Amino acid sequence: LRSWLHRWSSGEPSPTAEADLLLAGLRQHPARRAARPDLLFCTNIAVHCWLLQRRTSEKAFDGIPTLHLLGMAFLANVPPSWRSELMADFRARWETPSEPVSEVFSSYMEALSLQLQWQIGISVPFVPTVGLARRDGAAYDPPDDVAGSDRSVIVLRSAFW
């Protein structure tokens with residue numbers, strides 16, 4: 001993370017250049033399928049998944065099912081010159097989901113769901129973690145099938161987090 005934060009002392013690269021560097025790093029990972037997983041699980045720092053899914057020059061992560069369980073600040077570690085593009089792309093993906101559905105969006109922080117609604121006009125479902133929901137006496141209220149919703153999410157987290 002430290003190198004990520006200090007990488008652009010001489011100016012910001014394009015998102016595609018940074019995405020290609022990230023993909024090259026995954027290809028050097030000892031796990032042979034790190035650069036082509038069966039599932040992409042994106043948490044906290046949304047920019048990394050955005051780079052891999054939407055900005056690599058090879059489109060290497062196209063078609064990989066993705067679960068976005070967002071937390072933290074949405075624009076954390078996003079260079080200022082990329083922010084509008086990331087938000088516009090995120091909104092476009094929310095408004096025109098792929099068929100069959102290959103991306104599911106949710107947030108485990110209610111404040112982030114509200115932030116995204118205010119900043120980019122989308123309503124990302126707030127899904128409390130099971131441990132916090134139990135401690136606070138809250139229950140996950142799944143989408144109403146009668147109302148026509150076809151999305152549902154279950155999140156299992158460590159008891160220590």
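Along each chain, the written sequence defines residue order, and numbers are assigned to residues from 1. The predicted origin of the model limits local features to residues at a pLDDT of at least 70 and limits the giving and counting of side-chain atom pairs to 80 or more, whereas totals for whole chains, interfaces and linings rest on all residues. Computation of side-chain values covers all heavy atoms of the structure but excludes hydrogens and water.

### Focus: empty space enclosed by the protein
Next, step 1: Using a grid of 1 Å spacing that covers the protein atoms alone, one calls a set of points a cavity when a 1.4 Å probe fits there but cannot get out, and a pocket when the set is open and has protein on both sides within 12 Å along at least five of seven lines; lining residues are those with an atom within 4 Å of a point. Grid points are joined across faces, edges and corners, and a volume is the space filled by probe spheres set on the points. Applying the stated criterion across every chain yields a total of one cavity of 30 Å³ or more.
Next, step 2: Quantified by volume, the largest cavity comes out at close to 30 Å³.
Next, step 3: Looking at the largest cavity, the residues that line it are Ala46, Cys49, Trp50, His68, Phe90 and Arg93.
Next, step 4: Put simply, DSSP marks the helices as runs of H or I at least four residues long and the strands as runs of E at least two long, and each gets a number from the N terminus on. Elements represented by at least two residues in the lining of the largest cavity include exactly helix H3 (46–55) and helix H4 (83–95).
Next, step 5: Ranked by the residues each element gives to the lining of the largest cavity, the list is headed by H3, at three residues.
Next, step 6: Residue polarity follows a fixed list, in which Ala, Val, Leu, Ile, Met, Phe, Trp, Tyr, Cys and Pro are nonpolar, Asp, Glu, Lys and Arg are charged, and the others, Gly among them, are polar. Counted by class, the lining of the largest cavity contains four nonpolar, one polar and one charged residues.

### Let's talk about the sheet that holds strand S3 (residues 103–107)
Next, step 1: Spatially, three strands are ordered S1-S2-S3 in an open sheet, and the strand pairing comes out parallel. Two strands lie at the open edges of the sheet, namely strand S1 (40–43) and S3, each paired on one side alone. Each neighbouring strand pair of the sheet contributes to a mean axis angle of 10°, computed without reference to strand direction.
Next, step 2: Contact between two residues is taken to exist if any of their heavy atoms lie within 4.5 Å; hydrogens are not considered. To define axes, lines are fitted to C-alpha atoms, for helices over the stretch in contact only, and angles between the resulting N-to-C directions are given on a 0 to 180 degree scale. Each of S1, strand S2 (66–70) and S3 is contacted by H3, which is oriented at about 160° to S2, the strand it contacts most. Two strands qualify as a pair provided that DSSP identifies no fewer than 2 bridges between them.

### Some points on the nonpolar core
Next, step 1: One finds Val47, Leu70, Phe74, Leu86, Phe90, Leu116 and Ile122 to be the most contacted residues of the largest nonpolar core, which totals 20 residues.
Next, step 2: Those elements giving two or more residues to this core turn out to be H3, H4 and helix H5 (110–120).
Next, step 3: Filtering out sequence-adjacent residues up to four positions away, leucine 70 remains in contact with Cys42, Asn44, Ala46, Phe90, Ser106, Ser107, Tyr108, Met109, Leu112 and Leu116.
Next, step 4: We define the nonpolar core as a collection of buried residues of types Ala, Val, Leu, Ile, Met, Phe, Trp, Tyr and Cys that are connected through side-chain atoms lying within 4.5 Å of one another. Residue exposure (1.4 Å probe, protein chains only): buried if accessible area is under 20% of the type maximum, exposed if over 50%, otherwise partly exposed. By size, the runner-up hydrophobic cluster in this structure holds nine residues, among which are Leu23, Cys49, Phe61 and Ile64.

### Here we look at the state of the cysteines
Next, step 1: We call a pair of cysteine sulfur atoms a disulfide whenever their separation is within 2.5 Å. Following the criterion strictly, the structure yields one disulfide and no others.
Next, step 2: A disulfide bridge connects cysteine 42 with cysteine 49, and the sulfur atoms are separated by 1.8 Å. With the S-S bond torsion at -100°, the cross-link from cysteine 42 to cysteine 49 turns out left-handed.
Next, step 3: A relative accessible area of 9% means that cysteine 49 is categorised as buried.

### Looking at the environment of threonine 66
Next, step 1: For threonine 66, the position within the fold is in strand S2.
Next, step 2: Judged by relative accessible area, which is 4%, threonine 66 ranks as buried.
Next, step 3: Each C-alpha atom, one on threonine 66 and one on cysteine 42, is 7.2 Å from the other, the two residues being 24 residues apart in sequence.

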